Each structure stands twice: as C-alpha cells, then as structure tokens.
Amino acid sequence: MSAAGASAYAVREAVAQDDREACFAVRREVFVVEQGVPQEIEYDTYDATAVHVLAVRADGLPLGTGRLLLGADATGRTGADASVGSLGRLAVNKASRGLGVGAALVRAIEEAARERGLAAVDLHAQTHALGFYERLGYEAYGPEFLDADMPHRAMRRAL
C-alpha cells in the first residue's frame, strides 16, 4: 500500500476480468475522453497478450493503469530487441495525478519486466511527460514523432 493523499492504494497485475475492465475504463477516461484519442486506436490486439497493471484505492476505485508488451509484441517499438519490453498506455485519472500513482505504476511494470527476464523497458512518452519519465530514470533517444496526432519521444531505462 502507498499513500495517495488521505487514501491508500495498491498496485497489482490485472489478471481478473474485472481488473482488466477497470484498466480499460481508466484508459477510456484519460485517452479517449480527456485527450481525444479515437477509441478505435486506443484499444488494440496487444491488449489480449500484454501484462496490465492497475492502481486501486482501498475502497476499490481504479486510479490508474499501464501495460507491458513482451516479445514479438514489443519488438516493433524496441528496435527489434526481444530483451526489451515496451511500457505503454500509462494513464492516471485526473483526480489522482501528483499523488505518486503514475510512478508506482511504472515501477510495477518494471518489476513485471524483471520477473520475465527483460533487460530494459522502452516507452513512447508524450513530450509533456518527458520530465516525469526522466525523474524515473528513463532517457530519451531518437527524434520526436507523432502518435495519435500528439508529439512523442522514445525513451529507455535499463533494469
């Protein structure tokens, strides 16, 4: 458990169907509703095989989510390096931002990557979030690019 304002929260792998649905609901709230990402590109075939993590408040309210792509699913984002996982779809609901939930989700994804024998984690960060990931030890590389019409940079952290 971590402190999140006055409420405690836990981060866990989302294995059960209701946890997965909570992950998708947070992503819908943040990416589709708040950021205007078309729903048809927010959800993809990788959701079926990804490791999903979920942050939930003690009362069961979902606060945030993220996912880790592995193996062949990740190689298109990692320079074809199968020893590198791809962190993505990191989303924290608006009311929970600034409380450490995002950092806890990133650390949970990194732990899941370590448990699966990966050497590093890559991600594609929205440029406004570069500082957040840099504080967590990620380094940007390569040029800026557009994803869902938003500027991004690739980043990596060795585990």
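Residues numbered from 1 in each chain as written. Predicted model: local features only at pLDDT ≥ 70, side-chain atom pairs only at ≥ 80, totals over all residues. Heavy atoms only, no water.

**Brief notes about the environment of Ser83**
The cut-off we apply is this: Helix and strand definitions follow DSSP, with helices as H or I runs of at least four residues and strands as E runs of at least two, each counted in order from the N terminus. Residue contacts are counted whenever heavy atoms from the two residues lie within 4.5 Å of one another. In protein, a polar contact means a hydrogen-donor-capable atom and an acceptor-capable atom, both N or O and within 3.5 Å, with residues adjacent in sequence counting only if both atoms are side-chain atoms; elsewhere, any N or O pair within 3.5 Å suffices.
Residue position: Ser83 is located in the loop between α3 (71–75) and β5 (84–92). Excluding residues that lie within four positions of it along the chain, Ser83 makes contacts with Leu118, Ala119 and Ala120. Side chain to side chain, Ser83 and Asp81 meet in a polar contact 2.7 Å long.

**A word on the packing of aromatic side chains**
For any pair of aromatic rings, the description rests on two quantities: the centre-to-centre distance and the angle between the ring planes. Which entries qualify depends on this criterion: Aromatic rings from Phe, Tyr and Trp, with only the six-membered ring used for Trp, were paired whenever their centres fell within 6.5 Å, and each pair was classed as stacked if the ring planes differed by under 30 degrees, edge-to-face if by over 60, and tilted otherwise. Per-residue accessibility, obtained with a 1.4 Å probe over protein chains only, is compared with the maximum for each type, and a residue is labelled buried under 20%, exposed over 50%, and partly exposed between these values.
For the structure shown, the criterion picks out 3 aromatic pairs. Arranged with centres 5.8 Å apart and planes meeting at 85°, the rings of Phe24 and Tyr43 form a pair that is edge-to-face. Here the residue Phe24 occupies a position in helix α1 (residues 17–34), and Tyr43 occupies one in the loop between α2 (39–42) and β3 (51–57), the gap between them amounting to 19 residues. Here the aromatic rings of Tyr133 and Tyr138 are separated by 6.0 Å at their centres, their planes lie at 75°, and the arrangement is edge-to-face. You'll find Tyr133 and Tyr138 in the same group, each marked buried.

**Some points on the layout of surface pockets**
The condition is simple: Throughout, the protein atoms alone are placed on a 1 Å grid, and a set of points is a cavity if a 1.4 Å probe fits but cannot get out or a pocket if it is open with protein on both sides within 12 Å along at least five of seven lines; lining residues have an atom within 4 Å of a point. Grid points are joined across faces, edges and corners, and a volume is the space filled by probe spheres set on the points. Residues are sorted three ways: Asp, Glu, Lys and Arg are charged, Ala, Val, Leu, Ile, Met, Phe, Trp, Tyr, Cys and Pro are nonpolar, and all the rest, Gly among them, are polar.
In this structure, the largest pocket spans a volume of roughly 830 Å³. What lines the largest pocket is a set of 37 residues, and nearest its centre among them are Phe31, Leu90, Ala91, Gln126 and Tyr133. Those elements that place two or more of their residues in the lining of the largest pocket are α1, α2, β4 (62–69), β5, α4 (101–115), β6 (120–126), α5 (130–135) and β8 (150–158). Residue contributions to the lining of the largest pocket peak at 7 residues, all from β5. When its residues are assigned to classes, the lining of the largest pocket shows 19 nonpolar, 11 polar and 7 charged.

**Topic: the nonpolar core**
How we decide: Only buried Ala, Val, Leu, Ile, Met, Phe, Trp, Tyr and Cys residues count toward a nonpolar core, and they belong to the same one when joined by side-chain atoms within 4.5 Å.
The biggest cluster of nonpolar side chains holds 26 residues, and the ones touching the most others in it are Leu87, Tyr133 and Tyr138. Of all the secondary-structure elements, those providing two or more residues to this core are β3, β4, β5, α4, β6 and α5. Considering every element that reaches this core, the biggest residue donor is α4, with 7 residues. Look past the residues within four positions of Tyr138 in its chain and what remains in contact with it is Leu87, Val106, Glu110, Val121, Leu123, Tyr133, Met155, Arg156 and Arg157.

That's the geometry; what it means functionally is another story.
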